[in-house]
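Listed below, chain by chain, are the residues.
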Amino acid sequence: MSKVKLIDHPLIQHKLTLIRDKNTGPKEFRELVDEVATLMAYEVTRDLPLEEVEIETPIQKGKFKMIAGKKLGVVPILRAGLGMLDGVLKLIPTAKVGHVGLYRDPETLEPVEYYCKLPTDVAERDLIVVDPMLATGGSAAAGIRFIKERNPRSIKLMCLIAAPEGIERVQQEHPDVDIFTAAIDEGLNDHAYIVPGLGDAGDRLYGTK
Ligand code: PRP
Ligand code: URA
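What comes next concerns the included structure. Remember, predicted model here, so these are calculated numbers, not experimental data. Residue indices begin from 1 for each chain and proceed along its sequence in written order. Each chain is given a letter, starting from A, and each ligand a number, starting from 1, according to the order in which they appear as written. At least 70 in pLDDT is required for a residue's local features to be given in this predicted model, at least 80 for side-chain atom pairs to be given and counted, and no such filter applies to totals for whole chains, interfaces and linings, which use all residues. In computing side-chain properties, one takes all heavy atoms of the structure into account and sets aside hydrogens as well as water.

1. A few points about a nonpolar patch on the surface
Residues enter patches when they are more than 30% accessible in relative terms and free of salt bridges; like-charged ones are connected within 9 Å and nonpolar ones (Val, Leu, Ile, Met, Phe, Trp, Tyr) within 5 Å. Note on areas: these come from Shrake-Rupley sampling with a 1.4 Å probe, and a residue is covered only by the protein chains present in the view. Salt bridges are defined by distance alone: a side-chain nitrogen of Lys or Arg within 4 Å of a carboxyl oxygen of Asp or Glu. Together, Val4, Leu6 and Ile184 make up an exposed nonpolar region whose accessible area comes to about 210 Å². Runs of H or I in DSSP of at least four residues are treated as helices and runs of E of at least two as strands, each being numbered from the N terminus. Residue position: leucine 6 is located in strand β1 (residues 4-6).

Right, dumping it as structure tokens:
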């Protein structure tokens, strides 16, 4: 069974409260999502392997640790996942980027795929899939399914707010995918929005609606 890691650092909780606030407009919302994504990426990359390299300080030679040539990829689920991309890339600027386009049909609540472009060497990469909202889990589960068709080395899922229903669905369909979230909320309302959540992440990022 995959692990669920709640990243509840005080800075993240503070910024997430501002993100949830309905009076926060798109500019500030985007900036805050970007900042939280950077802070979360710090934790998501905690298990990166290190290797010793020899360098010379101004004083003497020595062996020191650096990240061991691990190939990473970041895959935002469009469109709201794009809001977290730059924040993650600030910490891992050499990661390659893939995109998966999905939207949730408002009637059926089922995810509809419209785009999938991943790095050609995805089979050698460990991927971080980013999407701010894990509600029913349908979008994340489908996105991960499409990505798995290209055989990446591993996948982690990073979101801002998760509903217990979404966590359960991803864990059931993808027991190999660890989930990193800044909050686990109460559940879903009749329209499958997360309660209390933050509303529609894509609309709040981009000022649509
Ligand atoms: C949102 C969000 C997730 C999905 C979560 O995207 O960014 O992808 O809903 O819901 P689920 O867990 O029930 O599938 P949305 O479908 O609104 O598309 P958008 O990002 O293009 O606005
Ligand atoms: N998608 C969103 O943007 N917000 C929710 O609460 C659920 C799905």
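2. Brief notes about the site of ligand 1
Residue proximity to a molecule or strand is established when one non-hydrogen atom of the residue lies within 4 Å of it. As a matter of local geometry, ligand 1 sits amid 14 residues, with Arg104, Asp131, Thr136, Gly137 and Ser139 nearest to it. By the criterion applied in these results, polar contacts are pairs of N or O atoms within 3.5 Å in which, for protein atoms, one can donate a hydrogen and the other can accept it, and in which residues neighboring in sequence qualify only through two side-chain atoms. Within the backbone of alanine 80, an N or O atom sits 3.0 Å from an oxygen atom of ligand 1. Between aspartate 131 and ligand 1, the recorded distance is 2.5 Å, taken from a side-chain N or O atom to an oxygen atom. The protein chains hide 90% of the 510 Å² of surface that ligand 1 would expose on its own. Sorting the residues of the shell around ligand 1 by element identifies β6 (99-104), β9 (133-134) and α4 (138-148) as the ones contributing at least two each. For the shell around ligand 1, the residue count by class is six nonpolar, five polar and three charged. The residue classification treats Ala, Val, Leu, Ile, Met, Phe, Trp, Tyr, Cys and Pro as nonpolar and Asp, Glu, Lys and Arg as charged. All others, Gly included, are polar.

3. A look at helix α5 (residues 164-173)
Relative accessible area decides the class of each residue, using a 1.4 Å probe on protein chains only: under 20% of the type maximum gives buried, over 50% gives exposed, and in between gives partly exposed. Buried residues of α5: Gly166, Ile167, Val170 and Gln171, and no others. End-on, the buried residues of α5 take up no more than an arc of 130°, which puts them together on one face. We call two residues in contact whenever any of their non-hydrogen atoms come within 4.5 Å of each other. Those residues of α5 that are buried lie in contact with β1, β9, α4, β10 (154-162) and β11 (178-184). Here the arc refers to the set of directions running from the helix axis out to each C-beta atom.

4. Digging into the site of ligand 2
Within the structure, ligand 2 sits among Arg104, Met133, Ala135, Ala192, Tyr193, Ile194, Gly199, Asp200 and Ala201. Protein contacts shield 87% of the accessible area of ligand 2, which totals 240 Å² for the unbound molecule.

5. Regarding the pairing of strand β7 (residues 111-117)
A regular strand carries its side chains on alternate faces of the sheet. We call two strands paired when DSSP finds no fewer than two bridges between them. Bridge count between β6 and β7: six bridges; the pairing is antiparallel. Residue pairing for β7: histidine 99 is matched across the bridge by lysine 117. Between β6 and β7, which pair antiparallel one after the other, the connecting turn spans six residues, and leucine 109 there sits at a positive phi close to 65°.

6. Quick notes on the pattern of salt bridges
For the coordinates displayed, the defined rule picks out 18 salt bridges. Of the charged contacts, one joins aspartate 178 and lysine 3 as a salt bridge, the two residues approaching to 3.9 Å between their closest N and O atoms. Highlighted residues: aspartate 178 in strand β11 and lysine 3 in the segment before β1, separated in sequence by 175 residues. Residue classification places lysine 3 among the exposed residues on the basis of a relative accessible area of 57%. Close ionic contact of glutamate 35 with lysine 15 constitutes a salt bridge, the shortest N to O distance being 2.7 Å. Of this pair, glutamate 35 sits in helix α2 (residues 26-44) while lysine 15 sits in helix α1 (residues 10-20); the two residues are 20 residues apart in sequence, bridging distant segments of the chain. For glutamate 35, a relative accessible area of 33% translates into the label partly exposed.

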